Amino acid sequence: MEYTTQMDAARKGICTKEMEIVARKEHMAPEQLMALMAEGKAIIPCNKKHTCIAPSGLGSMLTTKINVNLGTSRDLTDLNMELTKVQSAVDMGAEAIMDLSSYGDTRKFRRMLTEKCPAMIGTVPIYDAVVYYHKALGTITSREWIDIVRMHAEDGVDFMTIHCGINKETAGKFKRNKRLMNIVSRGGSIIFAWMEMTGQENPFYEHYDEILDICREYDVTLSLGDACRPGCLQDATDASQIEELITLGELTKRAWEKDVQIMIEGPGHMPMNQIAANMEIQKTLCHGAPFYVLGPLVTDVAPGYDHITGAIGGAIAAASGAAFLCYVTPAEHLRLPDVKDVKEGIIAARIAAHAADIAKGLPHAMDWDNEMSAARKKLDWEAMFDLAIDPEKAREYRESSRPEKEDTCSMCGNFCAVRNMNRILDGEIVSIFDE
Ligand code: SF4
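Keep in mind that what you see is a predicted model, and the values were worked out from it rather than measured.

Caption draft 1: Representation of the pairing of strand 5 (residues 120-123) within the structure. Residues of strand 5 alternate between two faces, with Met120 and Gly122 on one and Ile121 and Thr123 on the opposite face, all of them buried. Where strand 4 (residues 96-99) lies against strand 5, 4 bridges are found, and the strand directions are parallel. Looking at the pairing, alanine 96 lines up with methionine 120 of strand 5. For the handedness criterion, the β-α-β arrangement of strand 4, helix 5 (residues 106-116) and strand 5 is classed as right-handed. Strand direction decides the pairing type here: strand 5 and strand 6 (residues 159-162), joined by 2 bridges, are parallel. Directly across from threonine 123, in strand 6, lies its bridge partner methionine 160.

The following block contains the structure:
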């Protein structure tokens, strides 16, 4: 092969088959995509070993993509249940699956994913190291942490979250600037605890060049983790978050020197009025690398409804430049999501992503909405169900409350504005009262 990573290919002017596919999906000239990829502003996460992937691109000039977090935990270890969720996530339009398994035979599940799943597969090697070595956190060595990164790359993972921004300097800033919610990133809290117990530098920061060499070999995209993402509104845009972002910006440049594709992870919990400014800060400090946001949740008081708080924040973030939204389910902060929670989380994230694409003015983004409006105008209920983001739910609602007049719905019945306008414009008499 004449190139190592997709970024290397773009810089050499080689249009890969993955670029051709993504350019077609994005209604974009391949040359335009290649130029963005050469600069690091667009990426195509696709490990050379994940051969069944249907490639997708990430970047603020591309359509917004969504990720679904799945995986086993100590309390729920049913692989079949997780595979059912994976299949339904892909069917419902998720472009990426992050396997956050933290219990059981994690390698078996990960390999099943990269053998069968066409979506991008992401992982967080930190979690897996604790499961894989099956020993106390403080006894895991620097070498062992890095070996897990290699193992995930060999298993065909397309992108990995690496918490390398929380080095000794960031940790010091965090300790000096007290927070309401401390560190809420799972990986971030693990590596912070390891650093505190061993007194050593973060191995993912210290051995970053070695990690880059692994990523370059397999074309793994690094998702630079935000260990210090705010875990509540009060902590948003504080010293720890910004200090870490500055470090992530430096690490982005180092990755690009080795042609490694990069995205940056972001908040978190954040008041609505800070989101657009945060996207600008990220773009500036991280040189335009695609931003992957985990929410942001715009209020802290809605457990059971955090797919909504996340979708509000996600829509604002994506309209302001974020490229990739991590879904949030109604189970957030409460339990591991079940199949129904996963569905609700995906739909909410897709709504946020689509709304943002319209706001960004992406070509053809509104075609879908226009088709729906045309079907509504005709009161063509079957077409409306087909076009609905959740056809099943739309049909169920209508079936649960049938109208007297078949072409209307039970909301307004005889007063149906759409029906009455169609009739009057067709020259019919509209009485409403005695119909
Ligand atoms: S009855 Fe009312 S809500 Fe239902 S389709 Fe007609 S205008 Fe819309």
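Caption draft 2: Quick look at the UniProt feature "binding site: [4Fe-4S] cluster" (unreviewed entry) in the chain. UniProt records the feature "binding site: [4Fe-4S] cluster" (unreviewed entry) at Cys409, Cys412 and Cys416, using the numbering of this structure. Along the chain, cysteine 409 turns up in the loop between helix 18 (391-399) and helix 19 (417-425). For cysteine 412, the position within the fold is in the loop between helix 18 and helix 19. What makes cysteine 412 partly exposed here is its relative accessible area of 40%.

Caption draft 3: Structural detail: the environment of aspartate 380. Relative to the elements of secondary structure, aspartate 380 occurs in the loop between helix 16 (367-377) and helix 17 (381-387). As a C-alpha pair, aspartate 380 and methionine 19 span 361 residues in sequence and 38 Å in three-dimensional space. Among the polar contacts made by the side chain of aspartate 380, one reaches the main-chain amide nitrogen of alanine 383 at a distance of 3.1 Å.

Caption draft 4: Region of the structure containing the site of the ligand. With respect to spatial proximity, the complete set of residues near the ligand consists of Leu379, Cys409, Met411, Cys412, Gly413, Cys416, Ala417 and Val418. For the shell around the ligand, a count of residues per class yields 7 nonpolar, 1 polar and no charged.

Caption draft 5: Here's a closer look at the sheet that holds strand 10 (residues 324-326). The strand order around the closed barrel built from 8 strands is 3-4-5-6-7-8-9-10, with neighbouring strands paired in parallel fashion. Taken pair by pair, the neighbouring strands of this sheet meet at an average axis angle of 25°, ignoring direction. Pairing of strand 8 (residues 262-266) with strand 9 (residues 291-293) involves 3 bridges; the strand directions are parallel. Directly across from glycine 266, in strand 9, lies its bridge partner valine 293.

Caption draft 6: Up close: the domain arrangement of the chain. Domain annotation of the chain identifies domain 1 (42-360) and domain 2 (367-425). The gap between the C-alpha centroids of domain 1 and domain 2 is 39 Å. At the interface, 6 residues of domain 1 touch 5 residues of domain 2. Around 540 Å² of area is buried between domain 1 and domain 2 when both sides are counted, 58% of it from carbon and sulfur atoms. When the buried surface of domain 1 facing domain 2 is broken down by residue, Lys343, Arg350 and His354 rank first, second and third, together holding 65% of it. The shortest N-O distance in the salt bridge between aspartate 390 and lysine 343 comes to 3.2 Å. Counting across the domain 1 and domain 2 interface gives 3 residue pairs in polar contact (both at pLDDT 80 or more). Residues of the side of domain 1 that touches domain 2, tallied by class, amount to 3 nonpolar, 1 polar and 2 charged.

The rules behind each value
- Residues numbered from 1 in each chain as written.
- Predicted model: local features only at pLDDT ≥ 70, side-chain atom pairs only at ≥ 80, totals over all residues.
- Heavy atoms only, no water.
- Buried < 20%, exposed > 50% of the residue type's maximum accessible area, 1.4 Å probe, protein only.
- Helix = DSSP H or I, 4+ residues; strand = E, 2+ residues; numbered from the N terminus.
- Pairing = 2+ DSSP bridges.
- Right-handed = clockwise from strand over helix to strand, strands pointing away.
- UniProt positions renumbered as here; feature names shortened; annotations may be inferred.
- Polar contact = N/O pair within 3.5 Å; in protein donor to acceptor, adjacent residues only side chain to side chain.
- Near = heavy atom within 4 Å.
- Nonpolar A, V, L, I, M, F, W, Y, C, P; charged D, E, K, R; others polar.
- Axes fitted to C-alpha atoms, helices over the stretch in contact; angles between N-to-C directions.
- Domains from an automatic or database assignment.
- Contact = heavy atoms within 4.5 Å.
- Buried area = accessible area lost by both parts, 1.4 Å probe.
- Salt bridge = Lys/Arg side-chain N within 4 Å of Asp/Glu carboxyl O.

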